[in-house]
Amino acid sequence: QVQLVESGGGLVQAGGSLRLSCAASGRTFSSYAMGWFRRAPGKEREFVAAISWGGGRSYYADDAKGRFTISRDNAKNTVYLQMNSLKPEDTAVYYCNQLENLRYSGSYKSSDYWGQGTQVTVSS
């Protein structure tokens, strides 16, 4: 049984920063790529960032490039999302996912394993 537990969300002013964490258990963490996704109110869940199993490749949605950084610590079974220069439109529930695959093109297949999410609210 895969478990993903996100943390680190909160309320921050525009221009501020947050660091999200996702602790994983249940499958060999270092064997899987990981992704961050978000769902804003009234919108579909969307891709934010992904990182390969070893951390050597990372991919970002266009509006995350240059502001967000995904990283992982395989010794701690944890993936992180450092978010800087936050904007009100970044307000959403953020989820991590243990991806089934992550191709060199950046295309991916998410798994059925999602955490409960962590709320990020950016005030203007």
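Residues numbered from 1 in each chain as written. Predicted model: local features only at pLDDT ≥ 70, side-chain atom pairs only at ≥ 80, totals over all residues. Heavy atoms only, no water.

Peer 1: Run through the sheet that holds strand β7 (residues 68-73), naming residues and quoting values.
Peer 2: Reading across from one edge, β1-β3-β8-β7 is the order of the four strands in this open sheet, with antiparallel pairing throughout. Looking along the sheet, the strands with just one partner apiece sit at the ends: β1 (3-7) and β7. This sheet shows a mean twist of 15 degrees between the axes of neighbouring strands, independent of strand direction. In terms of strand pairing, strand β3 (residues 18-25) meets strand β8 (residues 78-83) through six bridges, oriented antiparallel. When the bridges of β8 are listed, Ser-21 appears paired with Tyr-80. (Pairing = 2+ DSSP bridges. Helix = DSSP H or I, 4+ residues; strand = E, 2+ residues; numbered from the N terminus. Axes fitted to C-alpha atoms, helices over the stretch in contact; angles between N-to-C directions.)

Peer 1: Describe the sheet that holds strand β6 (residues 58-60), and please don't skip the residues or the numbers.
Peer 2: Strands belonging to one sheet form pairs held by backbone hydrogen bonds; the direction of such a pair is parallel or antiparallel. Strand order in the open sheet made by the six strands is β2-β12-β9-β4-β5-β6, with mixed pairing throughout. Either end of the sheet is taken by a strand with one partner, and the two such strands are β2 (10-13) and β6. Taking the axes of each pair of neighbouring strands and ignoring which way they run, one obtains an average angle of 25 degrees across the sheet. As judged from the three bridges shared by strand β9 (residues 92-98) and strand β12 (residues 118-123), these two strands associate in the antiparallel manner. Its bridge partner being in β12, Tyr-94 is matched across the sheet by Thr-118.

Peer 1: Quick one: what's the story with the pairing of β1, residue by residue and with numbers?
Peer 2: Here β1 shows one buried face, formed by Leu-4 and Glu-6, and one open face, formed by Gln-3, Val-5 and Ser-7. Examined bridge by bridge, β1 and β3 share five bridges and lie antiparallel to one another. Residue pairing for β3: Ser-7 is matched across the bridge by Ser-21. (Buried < 20%, exposed > 50% of the residue type's maximum accessible area, 1.4 Å probe, protein only.)

Peer 1: Lay out the packing of aromatic side chains in plain terms, naming residues and giving numbers.
Peer 2: Under the counting rule described, the total for this entry stands at five aromatic pairs. A centroid spacing of 5.1 Å and a plane angle of 20 degrees characterise the contact between Phe-47 and Tyr-108, whose relative ring orientation is stacked. Of this pair, Phe-47 sits in strand β5 (residues 46-51) while Tyr-108 is found in strand β11 (residues 108-109), placing the two residues 61 residues apart along the sequence. Since its relative accessible area comes to 31%, Tyr-108 is described here as partly exposed. Their ring planes at 85 degrees and their centres at 6.4 Å tell us that Tyr-95 and Trp-114 sit as a pair that is edge-to-face. Taken together, the residues Tyr-95 in strand β9 and Trp-114 in the loop between β11 and β12 connect sequence positions 19 residues apart. Geometry around Tyr-95 places Arg-45 over its ring, the cationic atom sitting 5.1 Å from the centre. Here the guanidinium or amino end of Arg-72 rests over the ring plane of Phe-29, the centre of that ring lying 4.4 Å away. (Phe/Tyr/Trp six-rings, centres within 6.5 Å; stacked < 30°, edge-to-face > 60°. Lys NZ or Arg CZ within 6 Å of the ring centre and 35° of its normal.)

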